[in-house]
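Structural description and commentary
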Number of protein chains: 2
Amino acid sequence: MLSDTRTNAGVDNIATFCKMHVFENPQERMIALMTSGNLAISQAVVSLLNDGVEFGESGKPETLYSVPSMFRAAQLVSEAVRQTYNVHKEAMQSQGVSFEVGMMLGGQIKGREMRLYQVYSAGNFIEATEDTPFLQLGEHKYGKPILDRAVTYDVHPHDAIKLALVSMDSTLRSNLSVGMPLDLLVYGRDALCVAIRRRIHEDDPYFRQVRDYWSTALREAYQRLPRPDWARE
Amino acid sequence: MLSDTRTNAGVDNIATFCKMHVFENPQERMIALMTSGNLAISQAVVSLLNDGVEFGESGKPETLYSVPSMFRAAQLVSEAVRQTYNVHKEAMQSQGVSFEVGMMLGGQIKGREMRLYQVYSAGNFIEATEDTPFLQLGEHKYGKPILDRAVTYDVHPHDAIKLALVSMDSTLRSNLSVGMPLDLLVYGRDALCVAIRRRIHEDDPYFRQVRDYWSTALREAYQRLPRPDWARE
């Protein structure tokens, strides 16, 4: 999982906030949540998840530390989004502000499968599958072509890191509302704890290497491509 | 210039229309116009340009065959967009349909410079410069990263053809409202006639070669990229 840290209320009002939240109980569960959309809303959802969401018939507050499965975790995030909507919809509508929030939820609980979900503003959610093994939140278009062409279900984690950084670099170059530093999280199946959690700043040597290498590689690639035989010298 | 041919009124209602129009008087002028947005509007603008637009104090209808400069051509397209808006705005507003149209205008008139303009829905327009030597119409995000990284003001026309096709391929893969066949036009400075005009179909051997080559090149490129030294084996 890779997130940027830029939030904005217009191009003249930007700030840095972490959009990646980790709910980890090593050897028992590792759940990570990335957020996008309206910052006040996504912070409200995360606060609610931390406090505990009253959910289901028991009426007992649940958190991402107590849910028994990732599916239940996705339902909990969905419920938190819907409760937040119910609290804020009227005031937001009266100001003409749309309720926009997106969440990505990934991880594993002991004895269960690793799962990856995307939760929309309405609280509905989808899961990544072997056919579509990656999901994107927020500004997704600039960074999608490289993922479409290169990401497979069995991609090596090291290659996945490279591809996520290349994809994010494409987005950073084109959308001012996406900004450094980046937050990277890597989780390995059945580890039940975070493998890598790293903040990547503008001057990170590896990120700079990726940027320079990728621009050079693309230039060399199209130059090696033969010209069409219907184009005269 | 490269355009697709897909138009749609919903995913269950698609059709093929040429979006590239050429106004050529060999040895005297070559002007090409690409259109995007609402098809009824863009066809209305092109028809008006063909019939002649009453413009300026003389009141004499002008066409893209009569304007004395590319700047005047851009003003004429702008005026045609505004006149079309005035005719249709009321009926469209009453149906809740927004007036969306985009035009790209490129070419050269004898004794003048080669120019490239983009005209927006409001009739305002911008020109490509040495700093930003390419322009995009319509669905532009998926195809932009490769152009950002590789297109320079002095790119060779053969390389520009390759890059335009790679960029369009990225867009075709991600947006159903963009579809084959493609229309390609190449113009060489001071030629005053079209160098290449070619319709590229799904089974075009060169386009298939570009697609396959590019996917392979990207895969090889990220695999060659060293893994971060902070990622364990």
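To be clear, the structure that these remarks concern was listed above.
Focus on the overall build of chain A
Per the secondary structure count, chain A includes five helices and 12 strands. Principal-axis analysis of the C-alpha atoms places the extent of chain A at approximately 75 × 45 × 35 Å. Look at the contacts in chain A between residues 6 or more apart in sequence, and 56% of them connect residues 24 or more apart. Put simply, chain A shows about 11,500 Å² of open surface, and 48% of that area lies on carbon and sulfur atoms. Here chain A holds 25 positive side-chain charges and 29 negative ones, and the gap between their average locations is 3 Å.

Considerations on helix 4 (residues 157–174) of chain B
A rise of 1.5 Å per residue sets the reference length of helix 4 of chain B, with its 18 residues, at 26 Å; its end C-alpha atoms lie 26 Å apart and thus fit the reference within 8%. Across the 18 residues that make up helix 4 of chain B, a large majority, 14, are buried.

A look at unusual backbone geometry
Backbone torsion omega between Met180(A) and Pro181(A) reads -5°, so that peptide bond is classified as cis. When you line up the elements, Pro181(A) lands in the loop between helix 4 (157–174) and strand 11 (182–186). At Asp190(A), a position not held by glycine, the phi torsion is positive, near 70°. Structurally, Asp190(A) can be placed in the loop between strand 11 and strand 12 (196–200). On the basis of relative accessibility, which here comes to 55%, the residue Asp190(A) falls in the exposed class. In this structure, Leu192(B) is a non-glycine residue whose phi angle is positive, near 60°.

Structural notes on the interface of chain B and chain A
Across the contact, 47 residues belong to chain B and 47 residues belong to chain A. Across the interface of chain B and chain A, roughly 4,600 Å² is buried in total on both sides, 62% from carbon and sulfur atoms. Summed over the three residues of chain B that lose the most area to chain A, namely Arg149(B), Tyr222(B) and Trp230(B), the buried surface amounts to 20% of that side. The interface formed by chain B and chain A holds four salt bridges in total. The residue Lys141(A) makes a salt bridge to Glu139(B) at a minimum N-O spacing of 2.7 Å. For the pair chain B and chain A, the interface holds 19 residue pairs in polar contact (both at pLDDT 80 or more). Secondary structure elements with two or more residues in the side of chain B that touches chain A: helix 3 (144–150), helix 4, strand 12 (194–200) and helix 5 (205–224) of chain B. Of the residues that constitute the side of chain B that touches chain A, the class distribution is 25 nonpolar, seven polar and 15 charged.

Concerning the environment of Leu137(B)
All names here are of chain B. Along the polypeptide, Leu137 turns up in the loop between strand 10 (125–127) and helix 3. Leu137 gets classed as buried once you look at its relative accessible area, which sits at 19%. Separated by 18 residues in sequence, Leu137 and Val119 place their C-alpha atoms 9.5 Å apart. Those residues within four positions of Leu137 in sequence are excluded, and the remaining contacts are Met34, Thr35, Ser36, Gly102, Met103, Met104 and Gln118.

Details of the environment of Leu192(B)
Residues and elements named next belong to chain B. For Leu192, the location among the structural elements is in the loop between strand 11 (182–187) and strand 12. We classify Leu192 as buried; its relative accessible area is 9%. With 25 residues separating them in the primary sequence, Leu192 and Ser167 have C-alpha atoms 27 Å apart.

A closer look at the packing of aromatic side chains
Each aromatic ring pair is specified by the distance between its two centres and by the angle formed by the two planes. Residue and element names in this part refer to chain A. Going through the model one piece at a time under the given rule, you end up with 10 aromatic pairs over all chains. Considering the side-chain rings of Phe23 and Tyr65, the 5.9 Å spacing of their centres and the 65° angle between planes classify their relative orientation as edge-to-face. Of this pair, Phe23 sits in strand 4 (residues 20–25) while Tyr65 sits in the loop between strand 7 (61–62) and helix 2 (70–94), and the two are 42 residues apart along the sequence. According to the relative accessible area criterion, Phe23 is buried, its value standing at 3%. Through pairs of rings, three or more aromatic residues link up here, namely Phe71, Tyr117 and Phe125.

Comments concerning the pattern of salt bridges
Between side chains of opposite charge, pairing is possible as soon as their charged atoms come close. Evaluation of the coordinates by the stated rule reveals 28 salt bridges over all chains. Of the charged contacts, one joins Arg198(B) and Asp204(B) as a salt bridge, the two residues approaching to 3.3 Å between their closest N and O atoms. Each member of the salt-bridge network shares a partner with another, and the members are Arg149(A), Asp169(B), Arg173(B), Glu202(B) and Arg211(B).

Thoughts on the sheet that holds strand 11 of chain A
Residue and element names in this part refer to chain A. Spatially, 1-11-12 is the arrangement adopted by the three strands of the open sheet, whose pairing is antiparallel. Each edge of the open sheet is held by one strand with a lone partner, namely strand 1 (2–3) and strand 12. Pairing of strand 11 with strand 12 involves five bridges; the strand directions are antiparallel. Paired with Asp183 across the bridge in strand 12 is Arg199.

Focus on the relation of the copies chain B and chain A
Once chain B is rotated about the relating axis by 180° and shifted along it by 0.0 Å, it coincides with chain A to within an RMSD of 0.0 Å. The symmetry that links the two subunits is that of a two-fold axis. The C-alpha atom lying nearest the rotation axis in chain B is that of Tyr142(B); the distance is 2.4 Å. The residues that chain B uses at the interface reappear at the interface of chain A in 100% of cases, marking a shared surface.

Cut-offs used in this document
- Residues numbered from 1 in each chain as written.
- Chains lettered and ligands numbered in written order.
- Predicted model: local features only at pLDDT ≥ 70, side-chain atom pairs only at ≥ 80, totals over all residues.
- Heavy atoms only, no water.
- Helix = DSSP H or I, 4+ residues; strand = E, 2+ residues; numbered from the N terminus.
- Contact = heavy atoms within 4.5 Å.
- Areas by Shrake-Rupley, 256 points an atom, 1.4 Å probe, with all protein chains shown as cover.
- Lys, Arg positive; Asp, Glu negative; His and termini not counted.
- Charge placed at Lys NZ, Arg CZ, Asp CG, Glu CD.
- Expected span 1.5 Å × (residues − 1).
- Buried < 20%, exposed > 50% of the residue type's maximum accessible area, 1.4 Å probe, protein only.
- Buried area = accessible area lost by both parts, 1.4 Å probe.
- Salt bridge = Lys/Arg side-chain N within 4 Å of Asp/Glu carboxyl O.
- Polar contact = N/O pair within 3.5 Å; in protein donor to acceptor, adjacent residues only side chain to side chain.
- Nonpolar A, V, L, I, M, F, W, Y, C, P; charged D, E, K, R; others polar.
- Phe/Tyr/Trp six-rings, centres within 6.5 Å; stacked < 30°, edge-to-face > 60°.
- Pairing = 2+ DSSP bridges.
- Least-squares fit on C-alpha atoms with pLDDT ≥ 70 in both.

Note that every value here comes from positions in space, so none of it alone points to a role or purpose.
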